[in-house]
Amino acid sequence: MTSFEKFDASDYLDSEVMIAEYLAAALEDGNPDLFIAALGDIAKARGMTEIASQSGLGRESLYKALRSGSKLRFDTVQKVLSALGVKLTVTTSAAA
């Protein structure tokens, strides 16, 4: 029987471009839980303690905010995105 390791996206989020593409794909899906999970994967890749510190959130608060099913507030999203060094932009749907 073949054994497989569990896939962990954070193992592959090693560049700004990869992080931006990953977040964009999660956002395009339209599922807020997927976007929150993507933020969590990126925070894990960068180091939860570091992201918590840079965002002004407690580490435990960050873990709670980025868990599945959380009702993430927009101001928290902004703080986490800023700590990750990325930002959201808006374009017309025709541009997509």
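Refer to the structure presented above.
Residues numbered from 1 in each chain as written. Predicted model: local features only at pLDDT ≥ 70, side-chain atom pairs only at ≥ 80, totals over all residues. Heavy atoms only, no water.

(A) Expanded view of a nonpolar patch on the surface. On the surface, L27, F74 and L88 cluster together into a nonpolar patch covering about 300 Å² of accessible area. Considering the arrangement of structural elements, one finds F74 in helix α5 (residues 74-84). Under the relative-accessibility criterion, F74 is labelled exposed at 53%. (Patch = residues over 30% accessible without salt bridge, like charges linked within 9 Å, V, L, I, M, F, W, Y side chains within 5 Å. Areas by Shrake-Rupley, 256 points an atom, 1.4 Å probe, with all protein chains shown as cover. Salt bridge = Lys/Arg side-chain N within 4 Å of Asp/Glu carboxyl O. Helix = DSSP H or I, 4+ residues; strand = E, 2+ residues; numbered from the N terminus. Buried < 20%, exposed > 50% of the residue type's maximum accessible area, 1.4 Å probe, protein only.)

(B) Up close: the layout of surface pockets. Quantified by volume, the largest pocket comes out at close to 380 Å³. Lining the largest pocket are 17 residues, and of these A24, L27, K87, L88 and T89 lie nearest its centre. Ranked by the residues each element gives to the lining of the largest pocket, the list is headed by helix α1 (residues 16-29), at six residues. Split into classes, the residues belonging to the lining of the largest pocket amount to ten nonpolar, four polar and three charged. In this structure, the second largest pocket is lined by L27, P32, D33, F35, I36, S70, K71, L72, F74, V77 and L88. (1 Å grid on protein atoms, 1.4 Å probe; cavity = no way out; pocket = protein on both sides within 12 Å on 5 of 7 lines; lining within 4 Å. Points joined across faces, edges and corners; volume = space filled by probe spheres on them. Nonpolar A, V, L, I, M, F, W, Y, C, P; charged D, E, K, R; others polar.)

(C) The packing of aromatic side chains, seen in detail. Evaluated as defined, the whole model comprises one aromatic pair. Each ring, one from F7 and one from Y12, has its centre 5.6 Å from the other, and the planes form 10 degrees; the classification is stacked. For the residue pair F7 and Y12, the accessibility class agrees, reading exposed in each case. (Phe/Tyr/Trp six-rings, centres within 6.5 Å; stacked < 30°, edge-to-face > 60°.)

(D) Structural context of the pattern of salt bridges. The tally for this structure, following the rule as stated, stands at four salt bridges. We note a salt bridge from K44 to D8, for which the minimum N-O separation is 2.4 Å. Of this pair, K44 sits in helix α2 (residues 32-46) while D8 sits in the segment before α1; the two residues are 36 residues apart in sequence, bridging distant segments of the chain. Look at D8 and you get buried, because its relative accessible area is 19%. When the shortest N-O distance is used, the salt bridge between D75 and R73 registers 3.0 Å. Here D75 falls in the partly exposed class, since its relative accessible area comes to 31%. R73 sits in the exposed class, given a relative accessible area of 56%.

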